[in-house]
Amino acid sequence: IPYSLTHGALIVPAESPIRSIRDLAGRRLGIAGGALDKNWLLLQALAQHRHELNLAEVSRPVFGAPPLLNQQLLRGRIDALLTYWHYAAPLEAKGYRKLLTGGDLLEALGISPAIPTLAYVFRESWAKHHPRIIKAFMRAAPPAKVAICTDSRVWNDIAPMTGSDDTKVQTLLRRRYCEGRLQSWGEKELQAAAKLYRLLHRIGGEQLTGPAAELPEGTFWPGFTLPN
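Below is a short write-up of the structure. Note that this is a predicted model, so its numbers are computed, not measured.

## Things to note about the environment of glycine 186
With respect to the helices, strands and loops of the structure, glycine 186 is situated in the loop between α9 (167-179) and α10 (187-204). Expressed as a C-alpha distance, the spacing of glycine 186 and leucine 118, which sit 68 residues apart in the sequence, is 16 Å.

Here it is in structure tokens:
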């Protein structure tokens, strides 16, 4: 079930000379996750497409867990960091600069309209045996997200769960979360998701996607619709 349009980001220090993907050549680039991280693959694809640049060869990639890489960037041990959105937000709150987002990568690679890359995942067999539960969840989840974004009383209960007592960080986390609210979901989004899958299959291979060259039928729950 599609959940959010919020994407990870490429973060650099405010005073960094890095202004474009081309400037990553020769730089120490932290990448949250591993070599098959989706945004890392898309960043490489865009570097190749736009600058004929093999980023895996010309940059100095460093893979690791997001909290560790945040500390490496703060201490100046890496020059840029490609990380998940909720780890990028605390860096932004400290003045670090967001060079681009995963959404920017998709748009630059011709993937449109905007599609969610975060989702609720569950077994199809379970959902078929518990139709009332899955329907109730689909009814409840979108209004809950709206409440977090519009009701200060709800947010005041949520804020302590962010793991930060810094109000600037909390505010930015809320803003980024709310920017990811899904506005539309239909055939155009499904086609864009299929296009993204084909791209990831081509650049990530079976190690990433398995043998299926096309987005498997039934990946998205057919009963999902956005509330009016």
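## Considerations on the layout of surface pockets
There is about 650 Å³ of room inside the largest pocket. As for the largest pocket, its lining consists of 23 residues, and the residues nearest its centre are Ala119, Val121, Leu215, Thr219 and Phe220. The class makeup of the residues in the lining of the largest pocket is 17 nonpolar, four polar and two charged.

## Side note on the packing of helix α4 (residues 85-93) against α9
Contact pair α4 / α9: the axes reach a minimum separation of 9 Å and the direction vectors enclose 135°. As judged from the angle between their axes, α4 and α9 are oblique. Along this stretch, α4 crosses α9, giving a crossing that reads as right-handed. For the pair formed by α4 and α9, the contact residues are Trp85, His86, Ala89, Pro90, Glu92 and Ala93 on the first element and Lys168, Val169, Leu172, Leu173, Arg176 and Tyr177 on the second. Across the contact of α4 with α9, the residue classes tally to eight nonpolar, one polar and three charged.

## Considering α10
With 18 residues, α10 should reach 26 Å at 1.5 Å per residue; the first-to-last C-alpha distance of 25 Å fits that figure. Taken together, the buried positions of α10 are occupied by Glu189, Ala192, Ala193, Ala194, Leu196, Tyr197, Leu199, Leu200, His201 and Gly204. On its buried side, α10 packs onto α1 (38-51), α5 (102-108) and α11 (206-209). Once α10 finishes, glycine 205 follows within two positions and takes phi at roughly 70°, a positive value.

## Re the nonpolar core
Grouped together as the largest cluster of nonpolar side chains are 40 residues, with contacts concentrated most on Leu10, Ile21, Leu24, Leu29, Leu42, Leu43 and Leu55. Looking at this core, the elements with two or more residues in it are β2 (9-12), β3 (28-32), α1, β5 (80-83), β6 (97-101), α5, α7 (131-150) and α10. Residue contacts for isoleucine 21: discarding those within four places in its chain leaves Leu43, Leu46, Ala47, His51, Leu53, Leu55 and Leu100. In terms of nonpolar packing, the next biggest core, distinct from the first, is built from twelve residues, Ala93, Cys149, Leu172 and Tyr177 among them.

## Here we look at the pattern of salt bridges
Per the counting criterion, the structure on display carries six salt bridges. Close ionic contact of arginine 28 with aspartate 79 constitutes a salt bridge, the shortest N to O distance being 3.1 Å. Taken together, the residues span a long stretch of sequence, with arginine 28 in strand β3 and aspartate 79 in the loop between α3 (66-74) and β5 at a distance of 51 residues. Given the relative accessible area of 26%, arginine 28 is considered partly exposed. We classify aspartate 79 as buried; its relative accessible area is 18%. Linking glutamate 214 and arginine 198 is a salt bridge whose minimum nitrogen-to-oxygen distance equals 3.0 Å. One end of the pair, glutamate 214, is in the segment after α11; the other, arginine 198, is in helix α10, and 16 residues separate them in sequence. On the basis of relative accessible area, arginine 198 is assigned to the partly exposed category, the value being 37%. A network of salt bridges, in which partner residues are shared, links Glu92, Arg176 and Glu179.

## A closer look at α4
Turning to α4, its buried residues number three or more, namely Trp85, Ala88, Ala89, Leu91, Glu92 and Ala93. Considering only its buried residues, α4 is in contact with β2, α3, β5, β6, β7 (118-119) and α9. Backbone geometry just after α4 places glycine 95 at a positive phi near 100°.

About the thresholds
- Residues numbered from 1 in each chain as written.
- Predicted model: local features only at pLDDT ≥ 70, side-chain atom pairs only at ≥ 80, totals over all residues.
- Heavy atoms only, no water.
- Helix = DSSP H or I, 4+ residues; strand = E, 2+ residues; numbered from the N terminus.
- 1 Å grid on protein atoms, 1.4 Å probe; cavity = no way out; pocket = protein on both sides within 12 Å on 5 of 7 lines; lining within 4 Å.
- Points joined across faces, edges and corners; volume = space filled by probe spheres on them.
- Nonpolar A, V, L, I, M, F, W, Y, C, P; charged D, E, K, R; others polar.
- Axes fitted to C-alpha atoms, helices over the stretch in contact; angles between N-to-C directions.
- Parallel < 35°, antiparallel > 145°, perpendicular 65-115°, else oblique.
- Left-handed = near helix turned anticlockwise from the far one by under 90°.
- Contact = heavy atoms within 4.5 Å.
- Expected span 1.5 Å × (residues − 1).
- Buried < 20%, exposed > 50% of the residue type's maximum accessible area, 1.4 Å probe, protein only.
- Core = buried A, V, L, I, M, F, W, Y, C linked by side-chain atoms within 4.5 Å.
- Salt bridge = Lys/Arg side-chain N within 4 Å of Asp/Glu carboxyl O.

Take it as geometry only, folks, not as evidence of what the structure does.
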